[in-house]
Amino acid sequence: MVTSEQRRRQLARDKYERQIQARAEAAAQRKKRNAIVAAVLAVVVVAGVATVASGVFSSDKKDDKAAAAPAAQANGKKWDAEPAMTIDTKAAYTATVDTSAGKVSFTLDAAKAPHTVNSFVFLAGQQFWDNTKCHRLTTEGIYVLQCGDPTGTGSGGPGYKFADENLEGATYPAGTVAMANAGPGTNGSQFFLVYKDTQLPPSYTPFGKITAGLDVLQKIADAGTQSGSGDGAPKTPVNVKSITTVKG
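My aim in this report is to walk through the structure given alongside it, one point at a time. Computed from a prediction, not measured in an experiment: that's the story for all the values here.

Criteria and cut-off values
- Along each chain, residues carry numbers from 1 onward, in the same order as the chain's sequence is written.
- This being a predicted model, a pLDDT of at least 70 is required before a residue's local features are given, and a value of 80 or more before pairs of side-chain atoms are given or counted; all residues contribute to the totals for chains, interfaces and linings.
- Excluding hydrogens and water, the side-chain figures rest on all heavy atoms present in the structure.
- Helical segments are the DSSP runs of H or I of at least four residues, strand segments are the runs of E of at least two, and each set is numbered from the N terminus.
- Residue exposure (1.4 Å probe, protein chains only): buried if accessible area is under 20% of the type maximum, exposed if over 50%, otherwise partly exposed.
- Here, two residues are considered to be in contact whenever any of their heavy atoms come within 4.5 Å of each other.
- Per-residue accessibility takes into account occlusion by the displayed protein chains alone, with areas from the Shrake-Rupley method and a 1.4 Å probe.
- Criterion used throughout: strands pair if DSSP finds at least two bridges between them.
- Between N or O atoms, a polar contact is any pair within 3.5 Å; within protein, one atom must be a potential hydrogen donor and the other a potential acceptor, and residues adjacent in sequence are included only when both atoms are from side chains.
- A pair of cysteine sulfur atoms is labelled a disulfide when the two atoms are within 2.5 Å.
- Take the residue count of a helix, subtract one, and multiply by 1.5 Å to get its expected span.
- Only buried Ala, Val, Leu, Ile, Met, Phe, Trp, Tyr and Cys residues count toward a nonpolar core, and they belong to the same one when joined by side-chain atoms within 4.5 Å.
- The arc under discussion is defined with respect to the helix axis, by the directions toward the C-beta atoms.

## Here's the deal with the overall build of the protein chain
So, step 1. Counting secondary structure elements, the protein chain contains 3 helices and 12 strands.
So, step 2. By residue count, 44% of the 248 residues in the protein chain fall in the buried class.
So, step 3. Long-range contacts, defined here as pairs at least 24 residues apart, represent 68% of the contacts in the protein chain between residues at least 6 apart.
So, step 4. When the accessible area of the protein chain is evaluated, it comes to approximately 12700 Å², of which 53% is carbon and sulfur surface.

Pasting the structure below:
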């Protein structure tokens, strides 16, 4: 027969075990949440290093109307102004990123992100990204391959910046192509390709949808990073041979 004292002790033990389990579950949730937050912040930080360190971005609103003239060369061309608007915002554009790991193709949303698409088409036409590399892969928290830095270090850009677009209600499911940045209005040449549904705040201009090559990105992601961490240079080298765009 169980005495009242034994029953009291059993209840105390049960309560203690429940507390331990609850604490363990809470700790696991905090760890998961912190990993996601750190990964999200890393997108801004890495892109921020790229734009702030270059020190060449212009916020002059006249950039929209000015013809883009080369200002300097450092592992590729640089311009001191956003290129003049030359695309047809009512037309359909497609892009193909030809890399050493395979090709990725996507549509460009000129109607919702005209300045972004105009810049992308301009830089592609200038062979700005030829013989560069995709320098960053994330496999935890967020799931993207980041490209577009001519130096391959996370600190390069085209020499100009332009405003954010298409952010209202923006989401980042698998297949999204969006701009990396260092905060509002700091878009340059770095962009990321989302290979798995990713939770991000609506702070990164989405301007394209992948139509072919998602399997290429997944294979790159499956190989992981060089360091084995969830964020770093991809273990599979992703060298950009060229990026081309086509109207219509």
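## Re the pairing of strand β12 (residues 239–247)
For a regular strand, side chains alternate in direction, first toward one face of the sheet and then toward the other.
So, step 1. Bridge count between strand β3 (residues 93–99) and β12: 7 bridges; the pairing is antiparallel. Residue Thr 96 lies in a different strand from β12, and its bridge partner there is Thr 244.
So, step 2. Strand direction decides the pairing type here: strand β5 (residues 132–133) and β12, joined by 2 bridges, are antiparallel. Bridged to Thr 132 within β12 is Val 240.

## Quick notes on the side chain of Thr 99
So, step 1. Note on placement: Thr 99 falls in strand β3.
So, step 2. Only 2.7 Å separates the side chain of Thr 99 from the backbone oxygen of Gly 102, close enough to count as a polar contact.
So, step 3. Leaving out residues up to four positions away in the same chain, Thr 99 has contacts with Val 238, Asn 239, Val 240 and Lys 241.

## Some remarks on the state of the cysteines
So, step 1. Scanning the model with the defined rule gives 1 disulfide in all.
So, step 2. In this model, Cys 134 is linked to Cys 147 through a disulfide, with the two sulfur atoms separated by 2.0 Å. Between Cys 134 and Cys 147 the disulfide shows an S-S torsion of about 95°. By sign, it is right-handed. Of this pair, Cys 134 sits in the loop between β5 and β6 (136–138) while Cys 147 is found in strand β7 (residues 144–147), placing the two residues 13 residues apart along the sequence. In this structure, Cys 134 and Cys 147 share a single accessibility class: buried.

## Digging into the sheet that holds strand β10 (residues 206–212)
So, step 1. If you trace the 10 strands from one edge of the open sheet to the other, you get β5-β12-β3-β4-β10-β8-β9-β7-β6-β11, paired in antiparallel fashion. Looking along the sheet, the strands with just one partner apiece sit at the ends: β5 and β11 (231–232).

## Things to note about helix α2 (residues 114–125)
So, step 1. With 12 residues, α2 should cover 16 Å at 1.5 Å per step; its first-to-last C-alpha distance of 16 Å lies within 8% of that length.
So, step 2. In terms of burial, α2 is a largely internal element, 10 of the 12 residues being buried.
So, step 3. Of the residues making up α2, those classed as buried are Pro 114, Thr 116, Val 117, Asn 118, Ser 119, Phe 120, Val 121, Phe 122, Leu 123 and Ala 124.

## Notes on the nonpolar core
So, step 1. Among the nonpolar cores identified, the biggest contains 40 residues, and Phe 106, Phe 191 and Phe 207 are the most heavily contacted of them.
So, step 2. Looking at this core element by element, the count peaks at 6 residues for α2.
So, step 3. Dropping the residues within four chain positions of it, Phe 207 is found in contact with Phe 106, Thr 107, Leu 108, Asp 109, Ala 113, Thr 116, Val 117, Phe 120, Val 177, Ala 178, Met 179 and Phe 191.
So, step 4. Ala 178, Phe 192, Val 194 and Tyr 204 belong to the second-largest nonpolar core, a separate cluster that totals 10 residues.

## Things to note about helix α3 (residues 214–223)
So, step 1. The set of residues buried in α3 consists of Val 216, Leu 217, Ile 220 and Ala 221. Here the buried residues of α3 occupy an arc of 135° about the axis, which is enough to place them on one side. Those residues of α3 that are exposed and angled more than 90 degrees off the buried face are Asp 215, Lys 219 and Asp 222.
So, step 2. On its buried face, α3 sits against β4 (102–108), β6, β7, β9 (191–194) and β10.

## Examining the environment of Gly 141
So, step 1. Examined against the element boundaries, Gly 141 turns out to sit in the loop between β6 and β7.
So, step 2. Using a relative accessible area of 19% as the deciding quantity, one classes Gly 141 as buried.
So, step 3. Each C-alpha atom of the pair Gly 141 and Gln 199 lies 7.9 Å from the other, and the pair is 58 residues apart in sequence.

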